[in-house]
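# Topology and contacts: notes
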4 protein chains.
Amino acid sequence: MSVRHDAMARSAETAPHAAAARRFARVRKLSLDLAAPLSDADATAQSMPDASPSKWHLAHTTWFFETFVLRDHVPNHRSFDGRFAFLFNSYYEAEGARIARPRRGLLTRPSLDEVRAYRAAVDAEIERVLPDLPPATLALVELGCHHEEQHQELLLTDLLHLFAQNPLTPAAYAPAARPPGAVPEPLRWVEGRAGTAEIGHSGDGFAFDCEGPRHVTWLQPHALADRLITNGEWRDFMADGGYGTASLWLADGWAWLRENGIEAPAYWRRDAAGAWSQHFGLDGLREIDLSAPVRHVSYYEADAFARWAGARLPTEAEWESAAARLDPASGNFLDAPVAACPLPARGGDGLRQMFGDVWEWTGSAYLAYPGFRPAAGAIGEYNGKFMSGQFVLRGGSCATPRGHVRASYRNFFYPHQRWQFTGVRLAKDL
Amino acid sequence: MSVRHDAMARSAETAPHAAAARRFARVRKLSLDLAAPLSDADATAQSMPDASPSKWHLAHTTWFFETFVLRDHVPNHRSFDGRFAFLFNSYYEAEGARIARPRRGLLTRPSLDEVRAYRAAVDAEIERVLPDLPPATLALVELGCHHEEQHQELLLTDLLHLFAQNPLTPAAYAPAARPPGAVPEPLRWVEGRAGTAEIGHSGDGFAFDCEGPRHVTWLQPHALADRLITNGEWRDFMADGGYGTASLWLADGWAWLRENGIEAPAYWRRDAAGAWSQHFGLDGLREIDLSAPVRHVSYYEADAFARWAGARLPTEAEWESAAARLDPASGNFLDAPVAACPLPARGGDGLRQMFGDVWEWTGSAYLAYPGFRPAAGAIGEYNGKFMSGQFVLRGGSCATPRGHVRASYRNFFYPHQRWQFTGVRLAKDL
Amino acid sequence: MSVRHDAMARSAETAPHAAAARRFARVRKLSLDLAAPLSDADATAQSMPDASPSKWHLAHTTWFFETFVLRDHVPNHRSFDGRFAFLFNSYYEAEGARIARPRRGLLTRPSLDEVRAYRAAVDAEIERVLPDLPPATLALVELGCHHEEQHQELLLTDLLHLFAQNPLTPAAYAPAARPPGAVPEPLRWVEGRAGTAEIGHSGDGFAFDCEGPRHVTWLQPHALADRLITNGEWRDFMADGGYGTASLWLADGWAWLRENGIEAPAYWRRDAAGAWSQHFGLDGLREIDLSAPVRHVSYYEADAFARWAGARLPTEAEWESAAARLDPASGNFLDAPVAACPLPARGGDGLRQMFGDVWEWTGSAYLAYPGFRPAAGAIGEYNGKFMSGQFVLRGGSCATPRGHVRASYRNFFYPHQRWQFTGVRLAKDL
Amino acid sequence: MSVRHDAMARSAETAPHAAAARRFARVRKLSLDLAAPLSDADATAQSMPDASPSKWHLAHTTWFFETFVLRDHVPNHRSFDGRFAFLFNSYYEAEGARIARPRRGLLTRPSLDEVRAYRAAVDAEIERVLPDLPPATLALVELGCHHEEQHQELLLTDLLHLFAQNPLTPAAYAPAARPPGAVPEPLRWVEGRAGTAEIGHSGDGFAFDCEGPRHVTWLQPHALADRLITNGEWRDFMADGGYGTASLWLADGWAWLRENGIEAPAYWRRDAAGAWSQHFGLDGLREIDLSAPVRHVSYYEADAFARWAGARLPTEAEWESAAARLDPASGNFLDAPVAACPLPARGGDGLRQMFGDVWEWTGSAYLAYPGFRPAAGAIGEYNGKFMSGQFVLRGGSCATPRGHVRASYRNFFYPHQRWQFTGVRLAKDL
């Protein structure tokens, strides 16, 4: 996602310089902490074109600060290495040629240590100039922090994909602390607002351009499930022949399933007896926790599951309307370098797991809001550039840095992609 | 499109049997008329996986009547040839195995004459039983007629694609009669309705399942262009470097353009001097009429053009809200086997060319309306099956049989597809 | 093969003009006879890039006469249709641009009847000028006849491949007359010549450039099987797990087998009980004759079979050395438009089935003979152009026009190709 | 090549145990020396399916000793890590499942250090048991050394390919010492032996199975060029339009050239002025030495060059017959971890550069010699397995460990491959 959210903030915090400096330091440190257990090789390999090497994430986020803050706004800045723009630009056409994305994994040089040195040099320079930056430039630092948080999540999911290819099933991190498991109660429905509703970002806080403008929409009578779909419920779907029943699937989804031999969520593994009892995660190969939310399912799978369940996926407006009342920083998010993992719903009433745990597929295509205008210039190779063929996901995941998402936050992926922590919340018409 | 619209009518005409019989005869005859100038070879070849041979269209539409009317509802019906289900089923999973779509062009047998004999036999049987059919079965005949009209359009566009591959530039049909050309007046804006609006089909007439249910939506203040974009305006876009400016394009569109070397609308050809002065149509190779609407552009191109023009594409709700007041049978539609061709806008005020001429790309993804429920059974391998990755087009084209479309009619294609008569109407926020 | 043998004769017959005229008429008539049962559609479709439409073969062979005889050697010749060079040139780079090979099947125009008219016009002109042609030009007519015989065989094998795709299993021709089947006697070995031997063409008769120069080679002590491998023996190989035993296969062959799911010779079909009891031929779907030679096997299969049998394939020198004593016109060859089909070996002693029935894979790569020099000019886009990656086949097949092959004749295909009538004769070291 | 030469020695040295131990130690040390400058990431990445990571080479050669010596012949051997067989088996079908070749670059674990530990453990065990090994097992150690020498060359060429993808143009090793450059004298012809000649290995020394049996062959009168083709001569070929002249190329070669945009040997680079003045090597980006032999050309290029020069490539029999009189250990071979690089021919008469510098493409397909029999068992997944579609190369290169090749040594690659140090020696008929 961050690969695409590199975009102009609609409106930036008016935080004082000290707060910006603290936030900058904290964000930059978390990236290094996430990379700490990685070898040079771990940080270099690329397991598919959609994914990038950890080292690349570490360098690209640094290039972002160096380019859009230091190069553009600090007089006499000398670039750390003039060749890095070619290596570490992601997709900014306005910033010139760059290495083809599927070839990022061939960059064994610069080494991980050299990239760390690059980070240190840029950090020192940012910290030096930050106290004197004018507000518009300070907003770019803020944007760079949000951008880096997106790459932190991608670093984890790309690393998970890489390690999943290794027959040695390496664990990237220690298991996350986990509250004693409770079997989730049966799913209940929570009625949503109907009629006109406003969605989209407005106000002072940071947001990406695609989150606005805030606008009126119309909601039909509907309800949302009070919690996420669990691995146990997914196993019921599988046991009922869900992956073998054409009538449950979108045509494109059925073709995808057939072509790729899809039989279960990504990273599920059969045990010696042939049962789907294990899955691979950032803490290695583990028993599947039937109470925890299902993760790593594609839109096609989410949609088929919903049809099987006699329900549907929420629209993004339904989701946002419900989420607006909740605390976006309160869920199961990423705080430290441990193995991110969604957790079972806690007991209680009302909507739970709306923020964190897994990104929730909505039935809404990722398109421009009414009145949407992207920012100008390279930095505004706006989110709008990706507005075809993708679906919106909401709420963040266990691999999203805490504080990164909002009720208005729009993530988006192609319907076949599932290497992110993606899951399912059901909705229905009333 | 008909390949996908094969769906249950939400609500069928209560026409008397005589009217149904007249309509059946008229529709079936037009298909034969369209095929009249074709050789056996013309009717057999398949120029790409997206297209089907003419012969296949003629046989598949017949198979539809034979299967869903005669086999399912007429006692003791004997199938014309038991092997035809394998050959002429399109995509109905519930109807069993079928020949792979890209291999339809290898069916040199049965011959075109044998397919005509198949049509004649099924027609005779339908005509024999029709007077006594109960309403629900009569509705299936009506559905079959709408289904066949969709295939008539595909027959023309697939044939156009086939002939466009032939260096001999064969003309399939005589040129359509064409009013003396007027240079269109400058484009003007027509303000649309804002606030709540109802869209979607309801009532007695025929409609495909995806057109309903009728529901409330919310429209932002906006205006629609009063006419379609012309070839001349498209040439301005090209002259201004439109196909070479990355910032105008969606990321997927830019990748598509680069990979396929796209420089102009489909079927445009350079003359000996290198100028894009000709295009290939159902009447062969012709000079481009700069006053006529541009045709055969993809969503990516339509979207890039709109961005270049400082505008955007309409939403389907905006389009339908405006079209609801107009006569859907009054435009430039297909009436007879002549070379379908969009025409310049007539003079005058207000919205013109809303129906007919070219399908208009909207900025709306093809998704379910609130409360959408597909029909049950094989015939309900509903339109919903295609609800991912595609965009909605509205209004019909010069290759659409007159009377086939409605204000609520939703056509849909992938954003790279452009072998249909597809064009552009602009919209803007107010 | 003819697609590649279009080459300069090393030495052409000094036949009188009358003989050349008779031969020209006979060859040209056989092509039309072979095409007689075909519809326009049958003659237009192309089932794979390696194959060409029948219509294309009919036109290309005509283009060859028109170009290299009439255009180049007859003053004031007016081309029949100036656009045909683009359509019907095969691969002569020196003759300019041409339609991409995999797109030949999209040429629904010109029609089969128009191609017949093209043939008639060129034939009339050739017949008019032939009596006065100087010897060098007469040699080009002779070359054109050999060229056309190659395309006659390809027409049959390409047609067989096309019809094999059709679930209706159409028969192209009536079954060939077939002597009462005898069960072949056990395979016996016939010792070959050892030490120096001369191979390659020399002398007055026609030959393609790659058949010469005649030269000395050295043969190790060896023996050849006295007959071809039968379908029954192939079934033994299959029953013994031949297609599932990696150690029998070349690495490239094993990869080919796995990727394409190869389990049996091309055109073999399982019956309802799952047994490989039928195969598809020019006379439609038939029971496999266990006494007849196996046909439609690739080099990979032939090589694996030989290894399984504890033997090997012959070298081309071994084969030619043995064949030089036999009558090349005496085997089971194509004489008329009936369904070509290899026949069981007749009883008796010594080498049988050396000519006709099936092309015999040799273990020799198709490479230049010592001292090989291709002819100059377009017509000499010599066989040498294909001298990498292919293996030599010898002896002709039941689909080769009688009189076309010689002991020195070298056919060649890639090791995975098997749509020709290709089979196996074993050899062993002594 | 070693990826394929892992085969049974026909005949092994009867060296005493001490000599075997010295050789084992020397070979194993050179591999480590070659890997010494590599980072963990350098040793892990894989730049194309044909290449393998350095780490993989280091581990696979170790697995070979562990499997075929320790596991098979040392009682109670405990495997170092039971999972390594899956990771480090190359292609031995008899040894079971293994990781897909194109995925070797995803094995970031085990690390390079862990692989070094694996090497150390196996080395210690081999050294412990070696003094008591019976001759047949000692022969396997010898085979393992030859096998490892093949992988040393691949390690270098695979590494070169990897570094060539890196825009930073890293140098893997220090430049090799290079004698002061002399401009080679004009190429002269050295007449070869004609009539019968014996080629192939026999006698006591080590050889791979495909080098035998020794057998008689027949040589036509011919001559070989006295030295290799230089970069300067190759530039003449380019300047004369060699890469743009279809008539010089094999059909498959021309298709390869067009599809891949080939304009020069691999690793040649244009300078800022557009001239082909630089090439990339194990010592980074350097000026092209016009006096040195051209390197990294495919068979297609070698063959086209020879045709342009009015000559041809030698046959392997011609080459071997000439080389049999020369010292195979005397050329420009690999002795130490410096940047392998072919050198200009020294002055003098007679054949020079026959051994070392670059592998010389022959015009001979890689096929079995008369009477060839592969060894039995897994270790005999013989060279014969690769006997289709490839051409023979002779003489070794600057990246081949000194002492590895013989006059009878047959290397082989597909005609498009050129990441080895491959070059050209001309031949002609007399």
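Right, let's get into the interface of chain C and chain B. At the junction of the two partners, chain C supplies 27 residues and chain B supplies 27 residues. Of the roughly 2200 Å² buried where chain C meets chain B, counting both sides, 60% is carbon and sulfur surface. By the criterion of area lost to chain B, the three top residues of chain C are C:Leu106, C:Arg109 and C:Leu168, representing 30% of everything that side buries. Taken together, the connections running from chain C to chain B amount to two salt bridges. Among the salt bridges present, the one from B:Asp42 reaches C:Arg109, with a minimum N-O distance of 2.6 Å. If you look at where chain C meets chain B, you find eight residue pairs in polar contact (both at pLDDT 80 or more). At the level of elements, helix H4 (84-88) and helix H6 (135-164) of chain C are the ones that each hand at least two residues to the side of chain C that touches chain B. Of the residues belonging to the side of chain C that touches chain B, the class tally is 14 nonpolar, eight polar and five charged.

For the rest of this paragraph, the subject is unusual backbone geometry. Cis geometry marks the peptide bond from C:Gly212 to C:Pro213, where omega comes out at 0°. Residue position: C:Pro213 is located in the loop between strand E2 (195-199) and strand E3 (215-219). Unusually for a residue other than glycine, B:Gln353 sits at a positive phi of about 60°. Along the polypeptide, B:Gln353 turns up in the loop between helix H10 (316-323) and strand E8 (359-365).

Accessible area lost when the parts come together is the quantity often used to give the size of an interface. Contact with chain D, which involves 27 residues of that partner, is made by 27 residues of chain A. Taken together, the two surfaces of chain D and chain A that pack against each other cover about 2200 Å², and 60% of this comes from carbon and sulfur. Where chain D meets chain A, there are two salt bridges. At the surface where chain D touches chain A, the tally comes to eight residue pairs in polar contact (both at pLDDT 80 or more). Split into classes, the residues belonging to the side of chain D that touches chain A amount to 14 nonpolar, eight polar and five charged.

Our next topic: the relation of the copies chain D and chain A. For these two chains of identical sequence, chain D goes onto chain A by a turn of 180° and a shift of 0.0 Å along the axis, with RMSD 0.0 Å. Between the two chains, the operation in question is that of a two-fold axis. Scanning chain D for the C-alpha nearest the rotation axis identifies D:Ala41, at a separation of 2.0 Å. When the interface residues of chain D are mapped onto chain A, 100% of them again fall at the interface, so both copies present the same face.

Residues and elements named next belong to chain C. Reading across from one edge, E5-E6-E7 is the order of the three strands in this open sheet, with antiparallel pairing throughout. The sheet is open, and its two edges are formed by strand E5 (268-270) and strand E7 (284-287), each paired on a single side. Taken pair by pair, the neighbouring strands of this sheet meet at an average axis angle of 40°, ignoring direction. Relative to strand E6 (residues 276-281), E5 runs antiparallel, the two being bridged by three bridges. Note on E6: the bridge partner recorded for tryptophan 268 is histidine 279.

All names here are of chain D. Among the structural elements, arginine 418 can be located in the loop between strand E10 (411-413) and strand E11 (422-423). For arginine 418, the side chain forms a polar contact with the main-chain oxygen of alanine 264, separated by 2.9 Å. In this structure, arginine 418 is in contact with Trp256, Ile262, Ala264, Pro265, Ala266, His296, Val297, Ser298 and Glu301, ignoring residues within four places of it in sequence.

Another aspect to go through is the nonpolar core. In terms of nonpolar packing, the biggest core is built from 246 residues, with A:Trp234, A:Trp249, B:Trp234 and B:Trp249 touching the most fellow members. If we skip the residues at most four places from it in the chain, B:Trp234 touches B:Ile229, B:Tyr243, B:Pro265, B:Trp268, B:Val294, B:Val297, B:Glu301, B:Ala302, B:Phe305 and B:Val424. The next biggest cluster of nonpolar side chains, apart from the first, holds 244 residues, and it includes C:Trp234, C:Trp256, D:Val74 and D:Cys210.

A few words now on the pattern of salt bridges. Oppositely charged side chains can form a pair if their charged atoms are brought close together. Taken as a whole, this structure holds 120 salt bridges over all chains when the rule is applied. Here C:Arg227 and C:Glu233 are joined by a salt bridge, their closest N and O atoms 2.9 Å apart. Of the two residues, C:Arg227 and C:Glu233, neither departs from the other in class, the shared state being buried. For D:Arg71, the salt bridge goes to D:Asp72, with nearest N and O atoms at 2.8 Å. We classify D:Asp72 as partly exposed; its relative accessible area is 40%.

Time to look at the domain arrangement of chain A. All names here are of chain A. The domain boundaries assigned to chain A delineate domain 1 (3-164) and domain 2 (189-429). Between the C-alpha centres of domain 1 and domain 2 there is a distance of 26 Å. In total, domain 1 and domain 2 occlude about 3600 Å² of area from one another, counting both sides; carbon and sulfur atoms represent 63% of this. At the surface where domain 1 touches domain 2, the tally comes to zero salt bridges. Put simply, domain 1 and domain 2 have nine residue pairs in polar contact (both at pLDDT 80 or more) between them. Secondary structure elements with two or more residues in the side of domain 1 that touches domain 2: helix H1 (2-5), helix H2 (17-35), helix H3 (54-73) and helix H6 (135-164). Top contributing element to the side of domain 1 that touches domain 2 by residue count: H6, with 16 residues. When the residues that make up the side of domain 1 that touches domain 2 are grouped by side-chain class, the tally is 19 nonpolar, seven polar and 12 charged.

With 30 residues, helix H6 (residues 135-164) of chain D ought to run about 44 Å at 1.5 Å a step, and its terminal C-alpha atoms sit 44 Å apart, in line with that. Among the 30 residues that make up H6(D), 28 are buried, leaving the element largely enclosed by the rest of the structure.

Okay, the relation of the copies chain C and chain B next. Each copy superposes on the other: chain C lies on chain B with an RMSD of 0.0 Å after a rotation of 180° and an axial shift of 0.0 Å. Of the interface residues in chain C, 100% have counterparts in chain B that sit at the interface too, so the contact is made through matching surfaces.

All names here are of chain D. If you trace the three strands from one edge of the open sheet to the other, you get E5-E6-E7, paired in antiparallel fashion. Edge strands, defined here as strands with exactly one partner in the open sheet, are strand E5 (268-270) and strand E7 (284-287). Taken pair by pair, the neighbouring strands of this sheet meet at an average axis angle of 40°, ignoring direction. Bridge analysis of strand E6 (residues 276-281) against E7 gives four bridges, and the strand direction is antiparallel. Residue pairing across strands places glycine 281 opposite glycine 284, the latter belonging to E7.

Bringing the packing of helix H3 (residues 54-73) of chain C against helix H5 (residues 112-129) of chain C into the picture now. Residues and elements named next belong to chain C. Viewed as axis vectors pointing N to C, H3 and H5 meet at an angle of 30°, and their least axial separation amounts to 10 Å. Here H3 lies roughly parallel to H5, going by the angle between them. With respect to the hand of their crossing, H3 and H5 are arranged in left-handed fashion. In this structure, H3 uses Lys55, Leu58, Ala59, Thr61, Thr62, Trp63, Phe65, Glu66, Val69 and Leu70 to contact H5, whose residues at the interface are Leu112, Val115, Tyr118, Arg119, Val122, Glu125, Ile126 and Val129.

Reading fine detail from the predicted coordinates is not recommended where pLDDT is low. The predicted model of chain A averages 93 in pLDDT, with 94% of residues at 70 or higher. For the stretch residues 1-14 of chain A, pLDDT sits under 50, and the model shows 67 contacts to residues farther than four places along the chain or on other chains.

All chains considered together, the criterion is met by 99 aromatic pairs over all chains. Plain terms: the ring middles of A:Phe84 and A:Tyr118 are 4.9 Å apart, the flat faces sit at 75° to each other, and that makes the pair edge-to-face. On the criterion of sequence distance, the pair formed by A:Phe84 in helix H4 (residues 84-88) and A:Tyr118 in helix H5 (residues 112-129) is long-range, its members being 34 residues apart. Overall, A:Phe84 belongs to the buried group, its relative accessible area being 4%. Centre to centre, the rings of C:Trp63 and C:Phe68 are 5.7 Å apart; their planes meet at 75°, and the pair counts as edge-to-face. When its relative accessible area of 3% is taken as the criterion, C:Trp63 is described as buried. Of the aromatic side chains, those joined through ring pairs into one cluster are A:Trp234, A:Phe237, A:Tyr243, A:Trp249, A:Phe305 and A:Trp308.

Conventions adopted
Note on numbering: residues in each chain are counted from 1, in written sequence order. A letter from A marks each chain and a number from 1 marks each ligand, given out in the order of writing. Since the coordinates come from a predicted model, pLDDT governs what is reported: local features require at least 70, and pairs of side-chain atoms require 80 or more to be given and counted, while whole-chain, interface and lining totals use all residues. Water and hydrogen atoms were dropped before computing side-chain values, which therefore reflect all heavy atoms in the structure. Two residues qualify as a contact provided that any one of their heavy atoms is within 4.5 Å of a heavy atom in the partner residue. The term buried area means the drop in 1.4 Å probe accessible area that two parts suffer when joined, counted for both and summed. Any carboxyl oxygen of Asp or Glu that lies within 4 Å of a side-chain nitrogen of Lys or Arg is treated as forming a salt bridge with it. Any N or O atom pair separated by 3.5 Å or less is treated as a polar contact, with the protein-specific requirement of one donor-capable and one acceptor-capable atom, and with residues adjacent in sequence counted only for side-chain atom pairs. Secondary structure elements are defined from DSSP: runs of H or I of at least 4 residues count as helices, runs of E of at least 2 residues count as strands, and each element is numbered from the N terminus. Charged means Asp, Glu, Lys or Arg here, nonpolar means Ala, Val, Leu, Ile, Met, Phe, Trp, Tyr, Cys or Pro, and polar covers whatever is left, Gly included. Fitting of the copies onto one another was done by least squares over C-alpha atoms, counting residues only where both copies have pLDDT of at least 70. The pairing criterion for strands is at least two bridges between them, as found by DSSP. Note on definitions: angles span 0 to 180 degrees between N-to-C directions of axes, and those axes are lines fitted to C-alpha atoms, for helices only across the stretch in contact. To define a nonpolar core, start from buried Ala, Val, Leu, Ile, Met, Phe, Trp, Tyr and Cys residues and group those joined through side-chain atoms within 4.5 Å. Type-normalised accessible area, obtained with a 1.4 Å probe on protein chains alone, sets the label of each residue: buried when under 20%, exposed when over 50%, and partly exposed for intermediate values. Domain ranges listed in this record stem from an automatic or a database domain assignment. One fewer than the residue count of a helix, multiplied by 1.5 Å, yields its expected span. Any angle between 65 and 115 degrees counts as roughly perpendicular, while under 35 counts as roughly parallel, over 145 as roughly antiparallel, and the rest as oblique. Crossing handedness: left-handed means the near helix sits turned counterclockwise from the far one by under a right angle, and right-handed means the same turn made clockwise. A residue's pLDDT is the predictor's confidence in that residue, given on a scale from 0 to 100. What counts as a ring pair is set by centres within 6.5 Å for rings of Phe, Tyr and Trp (its six-membered ring), and what kind of pair is set by the plane angle: stacked under 30 degrees, edge-to-face over 60, tilted for all other angles.

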